[in-house]
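Architecture at a glance
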Amino acid sequence: MKDNQQALQAFRSGKISTAVFRNAIPAMAAMLMVLVYNLADTFFIGQTHDDLQVAAVSMATPVFLLFMAVGSIFGVGGTSDISRAMGEGRQDYAKQVSAFCMWSCVVVGLLMSLLFWVFMDQLLTVMGVSAATWDYARDYLCIVAACGPFVLIANCYSNVLRAEGRSGEAMMGMLIGNLLNVILDPIMILALGWEIRGAAIATVIGNVVAGLYYLRYFSKGTSMLSIHPRDFTLRNGVCTGVLAIGIPASLASLLMSVSQIVMNSCMTKYGDMAVAGIGVAMKVTMMTGMVCIGLGQGVQPLLGYCVGAKDWTRYRKVLRFSLVFALILSLVLTGLCWLFTGPIVQVFLTDQGAYSYGFTFSRILLSTSALFGAFYVLNNALQAMGAATPSLIINLSRQGLIYLPALFLLEAALGINGLVWAQPVADVLSTLLAAALYIFRWRKMTGTKQEPEA
């Protein structure tokens, strides 16, 4: 308990840069491990020199990410609710929120796994999976669906623990699970010759271990939060408090999965190598995107605590520092990915046609990835304020209301490259929208027409 109080003290009055780095760096490290895990699957499957299997994983990955997106409903929503409650001194309510998130993950995860198995063939048809990649994609998804509840728990509590200042423990579960996955990938894919099935089995084991880590953390009894069934409740505004922020926030991940499924379905008309190319290109931009997502998630509890305590001076300082850091970070990462696009793509794809697609698509997507840092910090700042509607609008827009129409319009105008340019267009417009909505929310919450100092 003493460690928890010290962590909250850092929220209240610690040095701004130290507080931001203490929360953000573990969150960024956790997202980096998610990235490494995603890259490892594609990399080791690529070592089979079968680009059809790479295409199948590219098709299947966004579907599996639906589990992670649903976990973020409870993770992001719970973190926002808990951090504000901590700032207000409502620790009993914070326990109820944590328990609600836990048991919701179990029930929803089991239900999702069941639905995946029952409707697998229909799902693959909607995805537009080709005959050449059908069996590969089906095998992968049928296996990974087995770890549904554990994926939700891991993605939920890698966020929630940061609300009580335990950023190190929040990182560690994801770190252990993803590291185990990376270790098992070459063994199961190459050494045992299980290929894409081996990648799926490694994913299941990694997620189960990550989920068990968080369960063990709570079993030690040192947390200020709870996952005990006696603390579970749908009353006192717990359910609505979590879902009001969690659903809009998770729409970014949910719609990202859906939009990738739609993209892949559109891309199939250009052949399986084009699908493999766009899958790898998305992983190249993930190197910037995932780190910036972690930064945004890391500073959200700190901002939320300031909102709960109505410490607007500290809030402004935290946000200003975070935005500057985010801009520098995203620029550096984008620059590195741009310089090494060729070697990165070549690691995953051996077919010359697939490589050409991957290189071209990567350069298009990287054209606006320097905006990721500012976008995710502003979006998480809105969530920290409890601004459910603005957060909903932003997340509906970036991967839905802006992206999907752009996808079809630009394909009609530019062909296959138009499909890819839809994402940069959505990045620019959604970042401008996030900035405008943030300024509006700031003025409303603080009762001033003064521009936020960010």
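Residues numbered from 1 in each chain as written. Predicted model: local features only at pLDDT ≥ 70, side-chain atom pairs only at ≥ 80, totals over all residues. Heavy atoms only, no water.

1. Quick look at the overall build of the protein
Each helix and strand in the protein was counted, giving 18 helices and zero strands. On C-alpha atoms alone, the protein measures out to a radius of gyration of 21 Å, which is about the 22 Å that the 2.2 N^0.38 rule sets for 454 residues. Here the protein, with 454 residues, has 60% of them falling under the buried criterion. Long-range pairs, those at least 24 residues apart, make up 83% of the contacts in the protein between residues at least 6 apart in sequence. By element, 67% of the accessible surface of the protein is carried by carbon and sulfur atoms, the whole surface being about 16,700 Å². (Helix = DSSP H or I, 4+ residues; strand = E, 2+ residues; numbered from the N terminus. Rg over C-alpha atoms; globule rule 2.2 N^0.38 Å. Buried < 20%, exposed > 50% of the residue type's maximum accessible area, 1.4 Å probe, protein only. Contact = heavy atoms within 4.5 Å. Areas by Shrake-Rupley, 256 points an atom, 1.4 Å probe, with all protein chains shown as cover.)

2. Thoughts on the packing of aromatic side chains
Following the criterion strictly, the structure yields 16 aromatic pairs and no others. Summarising the aromatic geometry, the rings of Tyr 213 and Tyr 214 are spaced 5.4 Å apart at their centres and angled 85° between planes, so their arrangement reads as edge-to-face. Each member of the pair Tyr 213 and Tyr 214 is classed as buried. Plain terms: the ring middles of Trp 312 and Trp 442 are 5.8 Å apart, the flat faces sit at 85° to each other, and that makes the pair edge-to-face. Placement of the pair is Trp 312 in helix H12 (residues 312–339) and Trp 442 in helix H18 (residues 416–446), with a sequence separation of 130 residues. Looking at Trp 442, the relative accessible area reads 3%, which means it is buried. Taken together, the ring pairs in this structure connect Phe 21, Phe 321 and Phe 325 into an aromatic cluster. The cationic tip of Arg 363 hangs over the ring face of Trp 338; the distance from NZ or CZ to the ring centre is 4.2 Å. (Phe/Tyr/Trp six-rings, centres within 6.5 Å; stacked < 30°, edge-to-face > 60°. Lys NZ or Arg CZ within 6 Å of the ring centre and 35° of its normal.)

3. Description of unusual backbone geometry
Phi at Glu 195 is positive, roughly 50°, even though this residue is not glycine. Counting through the fold element by element, Glu 195 comes out in helix H9 (residues 195–219). Its relative accessible area of 31% is what places Glu 195 among the partly exposed residues. The phi angle at Asn 236 is positive, at roughly 60°, despite the residue not being glycine. Position of Asn 236 among the secondary structure elements: in the loop between H9 and helix H10 (238–267).

4. Describing the pattern of salt bridges
The final tally for this structure, using the stated rule, is four salt bridges. Note that Arg 138 is salt-bridged to Asp 121, the shortest N-O span being 2.7 Å. You can see Arg 138 sitting in helix H6 (residues 134–144) and its partner Asp 121 sitting in helix H5 (residues 120–127), a full 17 residues away along the chain. Here Asp 121 falls in the partly exposed class, since its relative accessible area comes to 34%. Lys 269 serves as the salt-bridge partner of Glu 411, at 3.1 Å between the closest nitrogen and oxygen. Of this pair, Glu 411 sits in helix H17 (residues 403–414) while Lys 269 is found in the loop between H10 and helix H11 (272–309), placing the two residues 142 residues apart along the sequence. Overall, the relative accessible area of 14% leaves Glu 411 in the buried class. Relative accessible area serves as the criterion here: at 55%, Lys 269 is assigned to the exposed category. (Salt bridge = Lys/Arg side-chain N within 4 Å of Asp/Glu carboxyl O.)

5. Some points on helix H3 (residues 51–88)
Helix length check: H3 (38 residues) gives 54 Å between terminal C-alpha atoms against 56 Å at 1.5 Å per residue, within 8%. Residue Thr 61 marks the point of greatest curvature in H3, where the axis turns by about 30°; the proline Pro 62 follows within four residues. Buried residues dominate H3, accounting for 35 of its 38 residues. Where H3 begins, one side-chain oxygen reaches toward the backbone nitrogen of Leu 52, 3.0 Å away; that side chain belongs to Asp 50. (Expected span 1.5 Å × (residues − 1). Bend = angle between axes of the 7 residues up to and from the residue. Polar contact = N/O pair within 3.5 Å; in protein donor to acceptor, adjacent residues only side chain to side chain.)

6. Describing the environment of Ser 362
With respect to the helices, strands and loops of the structure, Ser 362 is situated in helix H14 (residues 352–366). Sequence spacing of Ser 362 and Ala 281 is 81 residues, and the spatial spacing of their C-alpha atoms is 4.4 Å. With sequence-adjacent residues up to four places away left out, Ser 362 is seen in contact with Ala 281, Val 284, Thr 341 and Val 345.

7. A word on the packing of H3 against helix H4 (residues 91–118)
One way to put it is that H3 packs onto H4 with a least axis distance of 9 Å and a crossing angle of 170°. One finds that H3 runs roughly antiparallel with respect to H4. When the residues that make up the contact of H3 with H4 are grouped by side-chain class, the tally is 17 nonpolar, six polar and one charged. (Axes fitted to C-alpha atoms, helices over the stretch in contact; angles between N-to-C directions. Parallel < 35°, antiparallel > 145°, perpendicular 65-115°, else oblique. Nonpolar A, V, L, I, M, F, W, Y, C, P; charged D, E, K, R; others polar.)

8. Observations regarding the side chain of Thr 48
Structurally, the position occupied by Thr 48 is in the loop between helix H2 (16–46) and H3. When residues no more than four places from it in sequence are discounted, the contact partners of Thr 48 are Gln 53, Ile 189, Leu 190 and Glu 195.

9. Overview of the confidence of the model for the protein
Mean pLDDT over the protein stands at 85; residues scoring 70 or higher make up 95%. When the elements of the protein are averaged for pLDDT, helix H1 (residues 2–13) gives the smallest value, 57, and H14 the largest, 93. (pLDDT = per-residue confidence, 0-100.)

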